[in-house]
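Working through the structure, step by step
Chain residues, written in single-letter form:
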Amino acid sequence: MRKHEVNYPTHDLELAAVVHALKIWRHYLLGNVCNIFTDHKSLKYIFTQPELNMRQRRWLELIKDYNLNVQYHPRKANVVADALSRKSHCLNVQPLIEDGFDLMHPAVLHSIQISCSLESKIIEGQKTDKGIFHIKEKIKQKPSQHFKVDEQGVLWFDDRLVVPKDRELRNKLMDEAHLSKLSIHTGSSKMYQELRPRYWWTKMKKEVTAYVARCDTCCRVKAIHMKPASLLQPLSIPSWKWDDISMDFISGLPTTQKGHDSIWVIVDRLTKTAHFLPVKTTYRPPQYAQKYIAEIMRLYGIPKTIVSDRGPQFMAHF
Ligand SMILES: [Zn+2]
């Protein structure tokens, strides 16, 4: 059934079914006399009704081409159609119907477990959720601007269904929005926009974002939004030892007795001679400079260039 068809009155729905059948089996029915059995009495009189709405008139236009014979068939006598009409609500019926539905009594169908849609699962889940119980208690005492409980006892946040704190249920909801055949791995913000009008839970946006971040497929195909790196700029080849040096830090080490917790590595770029100086992460640039003068400059003089990943503020002190 299409969305707008939900709003049709019952007799129009019955007629819509007939029209649908006529369209589908047009090639069999045109030019032949066909009998239509319906459990809806008023359909029998549709051709003699004086006043018709636009929709009915349009359909009658179509029906006119066929040679129809509408007959009323009371509900009780129409076991087969009754079984078939229940199919849409109850997916489990399928194998039974194939097994021979003519043996089946409608009563059998009622006892078959009806597979719930997600929405009814949410409503079911609301009944046992502590948080929702808490909200309901609160609004009993003081009416809330957003939360409302309807006649069926279902909690709503504005017109959004409140989803209980059930990991499996929420994941299923997000799966549907993210992985179903109709949605091709939507991004987190778009997915949130889709879920937002219908559902509500606390930290919903955050959870949707986290969900998308966890999606394996999304991670693999994600485009990298980074400027491509420019060409490498190789350093010039040094010509004299200790003219060009590079330095780096090894940090995050356990503290020594003297309170040092990182190693300052100074390497001559030509000879690859390295000096390892114990330092503290709390050192300020002047202290590094002092240390440098005492340990390195004492031996090798002033360098011409220094390569480091530290900021210019640090280098300025040399
Ligand atoms: Zn994905």
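A quick note: this is a predicted structure, and the numbers were derived from the prediction, not measured.

**Here's the deal with the nonpolar core**
General note: in soluble globular proteins, nonpolar side chains tend to be found buried as a group. By size, the foremost hydrophobic cluster in this structure holds 16 residues, and its most contacted members are V163, L173, M191, L195 and V208. Secondary structure elements with two or more residues in this core: helix 9 (167-179), helix 10 (188-195) and helix 11 (204-214). Residues in contact with V163, not counting those within four places in the same chain, are I122, L169, R170, L173, Y199, W200 and W201. Membership of the second largest hydrophobic core comes to seven residues, among which are W242, I245, M247 and W264.

**Here's the deal with the sheet that holds strand 4 (residues 155-157)**
What the four strands build is an open sheet, ordered 3-4-5-6; its pairing is mixed. The sheet is open, and its two edges are formed by strand 3 (147-149) and strand 6 (199-200), each paired on a single side. Where strand 3 and strand 4 come together, three bridges link them in antiparallel fashion. By the bridge assignment, F147 is partnered in strand 4 with F157. Of the strands in this sheet, strand 3, strand 4 and strand 5 (160-162) touch helix 8 (residues 130-141), which is tilted by about 90° from strand 3.

About the thresholds
Residues numbered from 1 in each chain as written. Predicted model: local features only at pLDDT ≥ 70, side-chain atom pairs only at ≥ 80, totals over all residues. Core = buried A, V, L, I, M, F, W, Y, C linked by C-beta atoms within 7 Å. Buried ≥ 20, exposed ≤ 12 C-beta atoms within 10 Å, placed from the backbone. Helix = DSSP H or I, 4+ residues; strand = E, 2+ residues; numbered from the N terminus. Contact = placed C-beta atoms within 7 Å. Pairing = 2+ DSSP bridges. Axes fitted to C-alpha atoms, helices over the stretch in contact; angles between N-to-C directions.

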